[in-house]
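# Structural overview
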Amino acid sequence: MDTPGNNDEPLSSDMQSNKRRRKKSIVWEYFTIETVDAGCTRACCKQCKKSFAYITGSKLAGTSHLKRHIALGICPVSRLNREKNQLVPYTAVPKTEGVSNGTEPPRKRFKATPTFARTPFDQERCNIELAKMIIMHDYPINIVEHRGFIDFVRTLQPQFNMASFDTVQGNCVGIYLRQKQSLLNLLDGIPGRVSLTLDLWTSDQSFGYVFLTGHFIDVDWKLHRRILNVIMIPSLDSEVAYNHAVAACLTDWNLDGKLFTLTLDPSFANDIVRENLRGLLSIRNPVILNGQLLIGNCYARVLSRLAQDALGSMKDAVNKVRESVKYVITSETIEEKFVELKQQLQVPSMKNLSIDNQKKWNTTYHMLTAASELKEVFSCLDTSDSNYKDTPSMDEWKQVEILCTYLKLLLDAANVLTAVTCPTSNAFFHEIWKIQHELMHASVSEDPFISTLTKPLLDTFSKYWKDTSLILAVAVVLDPRFKMKLVEFSFSRIYGEDGETWVKIVDEGVHELFIEYVVQSLPPPTFVDGGNEVVTKTELPEDGNMHSTSGTVLSTGDGLTDFDVYVSEITSNQEVKSELDQYLEESLLPRVQEFDVLGWWKLNSLKYPTLSKMASDILAIPVSTVAPDSIFDTASKKMDIYRTSLRPMTLEALLCTKDWLQYGFTEFSNAIRSVMFKLFVATIIIPYSVALELSDESNLCQPSPNCPLTLGKKMVSTVTTLHSSPPEPNLLLYFLEKCKSMDHLKQIHSQIILTGLASNPVVQSKIIAFCCIHELGCMNYARHVFDAIPEPNIFFWNRMIKGYSQINYPKCALGLYVEMLKKNVQPDHHTFPFLLRGFTNDVALQCGKLIHGQVSKFGFDSNVFVQNALINMYSLCHQVDNARSVFDISSKTDAVTWNAMISGYNRSKLFDESRKLFNTMENRGVLPTAVTLVLMLSASSKLKDLDTGRRAHQYVVSGMVDPSLSLENALIDMYAACESMDEAIVIFRSMKKRDVVSWTAIVTGFVKSGHIDLAQTYFDQMPERDSVSWTAMIDGYLHSHQFKEVLMLFRKMQIEKINPDEFTIVSVLTACAQLGALELGEWVIAYVDKHQIKNDIHVQNASIDMYFKCGNVEKAMRVFKKMARKDKFTWTGMIFGLAINGQGKEAINMLSNMLSASVRPDEVTFVGVLSACAHNGMVEEGRKFFSDMTTEHGIEPNEMHYGCMVDLLGRAGLIREAYELIKNMPMKPNLIVWGALLGACRVHKNVDMAEMAAMQLLQLEPDNGAVYVLLCNIYTACNRWESLCKVRKMIMDRGIKKTPGCSLIETNGTVHEFVAGEESHPQSAEIYSKLEEMMEDLKIFGYVPDTSELSQDVGEEKKESALSRHSEKLAMAFGLISSERGATIRIVKNLRICGDCHHVAKLVSRMYSREVIIRDKTRFHHFKNGSCSCKDYW
């Protein structure tokens, strides 16, 4: 075998035919050529001796596969050498120097491919770079132990030895220590002080992490923001842990005496934490301005809190918008339809719909603003797509737009904090003042929605304004563009005449602060020890006298010494102005936006040496504790599990070093970005001469010709050319298209005016369109432009009318329409839809018919778009008859028109009319759309009309209407409402996509059908649950009388951080009422106030009901008196509550007050009135009210009223009259009526009438155990033992189960349940001990057990024992041992209280000086001082 490098080797004919094909590849250092036979040559590896195809006939295989054999380690010998770190360098053979002999053709220049062997391998450097990579990109340190990462790195560089976990951790800490030393050197050299911020991160464990970030200005007047420490605190509740963290930071960075301000996150910084920190810092640092600049609140957290509160106050409307946006963008078909509608309606919005991230409130704002611009499209989508039914109403759209107005105010303020470079503190005063000013004005707005929205925001922000206005005012004084003038202007606008007082406070604060800096800059005096006294050393003349006594000594020098003294005396008598006064008296600098305040102070530091030191500290004060990328977060950050597993030292090293390294990379990129921004602004907005100045950045290196900086300077050269001639019209139109704000628009407009293009219709149209449509547009500016047009055509008028309608200014739109008519401009078919869509309810009522007349006058009453707009307008103000008149004259060929009318009927709750119209629509052969079906399914759900619902479903089954998510949800809701859960489940399981509405509909269906277990099963399977689904499940347990489960579910809802709404609160308060859980109920009411849940009339009515059913009449009355509005349910609830609490006369007086308030009572109201009469023995009053129901109020009595009258008469002993009343009833008596008669028979021991009533009851309900029990009690009281035995045998034979007596008592927010004779309670031994003691004590007071109602055939002693173990007595004993002395004992009993327990409760109230309140099955018993509120009449 010969090598190809031998030039004496004879070449084959093929190779001779092309002598230029020399084997110059580096691969031949490792291979030889081996001829197998004629026409076949193979390459053989020198190391492993394996051969490979090279030449076969005329086919050349090449060398790529040979290179791979060596380079990739396929060769086993080569791989073995590499593992021994003895890899032969894979390099080309160097050329032999000298001159060619002429026989060898010239060689090709070899272009070597870079390989690992060519660059010297540095293991240590690789380790350091690996550590930097882990730091910068938050990779876990144990990535070095991941098999895949190890293999990947070894493939890239086989020589690299992977470092261990400990080595990489050590390298990370080493980088941290080196960077820390550099930062320490920087901090040691700063002339001023450092301000700190504290931010708290939580974790899944019980400890937290405090991030301490330093803010300072260096000697070159550059503002820095550096994370100094990340310190773990073992307990989030510790009030001194933050002191330890701050103290550690001060020591670690040698900041004792150099700390200026401390900014905290209000989420953890309570008053105690603040005072502890203030005490610590006052010892270790000089207190500036008596500590007023020491502690501050986080601006970003305050803004986030305001935004969350504002969004939370409109949660329902925001959720509707969110669901609407989600409905559109999650389906390509619907999105295409949406875009088509947008084009048809000529909605020029350029914004794209997007779903928000609810952890970032700014994304919610952007979602709302984009959707608001397209509200007209959503409204039309409602009528054209039957599946879409979540459309917000016009009032809700208006409210969302108002909400966005105030969110925009917060967003603009927060955007200042998102800059990568730290803003100086002077940038915030005006932003904060603007928020305070706007909220103050909005809170007193005549618009109730605006005032309700902004008052809570103002309360929150006013606290921040009060805490920070001084420090931020001082900062803005140090801005030479504003000084004291902006402070004077701002405070006068907020405080009016009192503004001068506040300005004076700021002025005195600035001067006081300046004096402290002057004092600190003075050199310290020299002191000498003079025994017990310390005296100041002063230089005296050598003779020890201040004045020479010799008058003959001649003066020396130039003879002008006396002149110097004279001048000194004159100037000393004149007022010398301080640096601060000189600075304040100088003229203000021009107010330019791109002003470098730090650069100005750097240039003027020699002129104002002391004031500049003060400025360097003040301007570095941070207002936010969070990083720029967390400004819009709605919750504090949380440390992940990996980071919490690291040692605190390692974690601090990783986080701090990342921040320090990033700063170095960011600083230069920010400089580039800043220059490019200035260049861009210069070419578009500001004068061209200024643009040239801004582009001159001498501190940057020269970029390459194609880099962004060079391109930016080319743009400036373009500006220079443009400076000599006006901008091209096309360029100005382009700028108009790209315009983003009103400021930009005004500047572009000024250039347009200079170029003479202001009268161009295209330009005018674009300017007006921006003002009318853009979220930052201004209708006032649009109006100015519009008024300057001599003869605007109908397109301009329509655009302006549409603009006013979009911002919910219908009166302005109407005024413009009137003006249009006065100028003899006739409307077209677009004018009236634009005008009518902006109408509110009141405007529609006032002007709707007038505009309808205009429609007819101009001949557009047959236009389908105008007709639809008129129908919607009349439906809005509930004038459905007028809407129907428009509908009747329409062509009725378009389903949108039918949808508008059906929607109008639904809005007015005329669901039967909707059904009739749907039937007519089908008979006319008009094909319904998905919107039609959703509307009809909603009506069918309310009517429980399963047939119509199935008919609507058939359109989907037959394929005539495509199914959609909203349509399928409507079907589930309809079937569930009609209690056809089998069909609902079939649809649910066939759905390709389900949302929370789908799941909630199923849960609600099972709840309404009484299958609470199935509802819970589906509820547990829900992938996402909102407040509606939680409330549906809570209502299910409420309706199934599982009140404890209601409270448990509410607690789970809070654990999952789902915010309840007013409907949830009503259900929970109702459960508390049924359980008699007063403490829990009051906690829920406090929860409503704390979390600003809508406290509407329904919540207030539920609060009244809860207080009454817990026996607290006083607090129920207090809620009632505070209510701004009362409906008939409020009055009826008050009458019922007073009645069951034994205050019958007050209940009747409440009816009189109800009538005086012009509130008409209904049949339920009179049930309460008659109950009040029955419980208080007011027979004549009851008879009168029963008669007046029909004669004066037109209410026919029903079974409930007759039951109350039977109860009234029976309790009074008029049993025969009660029976006669029953016989004369116009309807068949029910359980309530016969039960009232049986109860009266028990009281008066009328056996014959009792047997007759019991027989009637058992015919209606044979298994009613209460009837048998009452009958047994009557027989026992009358000594009818034979009859008693027969009833007992009947109970045994029929398997009748008696309802066990059960009593509930609440202590410390927990409801305890007791059953007669049961010993399952954890404190049973203690309870029974107290019960025995209580019964013995009662006997001293004359207690004798009343066994007359016990029907057991046992001895007297056993009867007494059974009596003593009644559930009420157990609950009373527990109340005595578990509550404080004198506390009220509240008990809820499921059955009627027996006479013996009633007697015991009276004695307990007197013997233990306790008020005992027992609510039994029929009424309340308030026991106090040995008497009961029922006066033993129950």
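Along each chain, residue indices are assigned from 1 in the same order as the chain's sequence is written. It should be noted that, the model being predicted, local features are given only for residues of pLDDT at least 70 and side-chain atom pairs only at 80 or more, the latter also being counted only at that level, while totals for whole chains, interfaces and linings use all residues. Working from all heavy atoms in the structure, the side-chain values ignore hydrogens and water.

## Some remarks on a positive patch on the surface
Note the threshold: Residues enter patches when their relative accessible area tops 30% and they take part in no salt bridge; the joining distance is 9 Å for like charges and 5 Å for the nonpolar side chains Val, Leu, Ile, Met, Phe, Trp and Tyr. The protein chains shown are the only cover counted for residues, whose accessible areas, like all others here, come from Shrake-Rupley with a 1.4 Å probe. Put simply, a salt bridge is a Lys or Arg side-chain nitrogen that is within 4 Å of an Asp or Glu carboxyl oxygen. Charged residues are defined narrowly, with Lys and Arg counted positive, Asp and Glu counted negative, and His plus the chain ends left uncounted. Where a charge sits is defined by one atom per residue type, namely NZ (Lys), CZ (Arg), CG (Asp) or CD (Glu). Comment: elements are numbered from the N terminus, with helices defined as DSSP H or I runs of at least four residues and strands as E runs of at least two.
Judged by side-chain charge, Lys-389, Lys-942, Lys-944 and Lys-1008 come together as a positively charged surface patch. Along the chain, the position of Lys-942 falls in helix H39 (residues 930-943).

## So, the sheet that holds strand E14 (residues 1385-1389)
For clarity, the cut-off: When DSSP finds two or more bridges between a pair of strands, those strands are recorded as paired.
As summarised here, the arrangement of the six strands in space is E13-E12-E14-E15-E16-E17, forming an open sheet in which the pairing is mixed. Strand pairing shows two members of the sheet lacking a second neighbour, strand E13 (1310-1315) and strand E17 (1427-1428), which therefore form its edges. Here strand E16 (residues 1420-1424) pairs with E17 via two bridges, running antiparallel. Note on E17: the bridge partner recorded for Phe-1423 is Cys-1428.

## So, unusual backbone geometry
Let me state the cut-off plainly: Whether a residue is buried, partly exposed or exposed follows from its accessible area with a 1.4 Å probe, protein chains only, as a fraction of its type maximum: under 20%, in between, or over 50%, in that order.
Located in the positive-phi region is Lys-1245, a residue other than glycine, with phi close to 55 degrees. Here Lys-1245 is to be found in the loop between helix H57 (1231-1244) and helix H58 (1247-1260). Its identity is not glycine, yet Asn-1425 carries a phi of approximately 55 degrees, on the positive side. The class of Asn-1425 is exposed, set by a relative accessible area of 62%.

## A word on the pattern of salt bridges
Using the criterion set out here, one finds 45 salt bridges in the structure. Of the charged contacts, one joins Asp-356 and Arg-322 as a salt bridge, the two residues approaching to 2.9 Å between their closest N and O atoms. With Asp-356 in the loop between helix H11 (332-344) and helix H12 (361-373) and Arg-322 in helix H10 (residues 315-329), this pair connects stretches of sequence that are 34 residues apart. The same class applies to Asp-356 as to Arg-322, namely buried. Residue Asp-412 is joined to Lys-408 by a salt bridge in which the shortest nitrogen-to-oxygen separation is 2.6 Å. Of this pair, Asp-412 and Lys-408 both sit in helix H14 (residues 394-415), separated by four residues, roughly a single helical turn. Residue Asp-412 is classed as partly exposed on the basis of its relative accessible area of 29%. By sharing partners, the salt bridges in this structure join Asp-912, Glu-913, Arg-915, Lys-916 and Asp-945 into a single network.

## Things to note about the packing of H39 against helix H40 (residues 946-957)
Put simply, the test is: As a rule, the C-alpha atoms of each element are fitted with a line to give its axis, helices using only the stretch in contact, and angles between N-to-C directions run from 0 to 180 degrees. Roughly parallel refers to an angle under 35 degrees, roughly antiparallel to one over 145, roughly perpendicular to one between 65 and 115, and oblique to any angle outside these ranges. Two helices crossing with the near one rotated counterclockwise from the far one by less than a right angle form a left-handed crossing, whereas a clockwise rotation gives a right-handed crossing. The contact rule is simple, with two residues in contact once any of their heavy atoms fall within 4.5 Å. Classification convention: Asp, Glu, Lys, Arg as charged; Ala, Val, Leu, Ile, Met, Phe, Trp, Tyr, Cys, Pro as nonpolar; all other residues, Gly among them, as polar.
Two numbers describe how H39 lies on H40: the axes approach to 9 Å, and their chain directions differ by 155 degrees. Comparing the axis directions of H39 and H40 gives the class roughly antiparallel. Crossing handedness for the pair H39 and H40: left-handed. Here H39 contributes Leu-933, Met-936, Leu-937 and Ser-940 to the contact with H40, which in turn contributes Thr-948, Gly-949, Ala-952, Tyr-955 and Val-956. Tallied by class, residues from the contact of H39 with H40 come to six nonpolar, three polar and no charged.

## Things to note about helix H63 (residues 1367-1378)
Owing to its 3.6 residues per turn, the α-helix aligns residues three or four sequence positions apart on the same side. Quick reminder of the rule: Each helix should span, by expectation, one fewer than its residue count multiplied by 1.5 Å.
With twelve residues, H63 should reach 16 Å at 1.5 Å per residue; the first-to-last C-alpha distance of 16 Å fits that figure. In terms of burial, H63 is a largely internal element, ten of the twelve residues being buried.

## Comments concerning the environment of Thr-501
Considering the arrangement of structural elements, one finds Thr-501 in helix H18 (residues 499-521). Between the C-alpha atoms of Thr-501 and Phe-491, which are ten residues apart in sequence, the distance is 9.1 Å.

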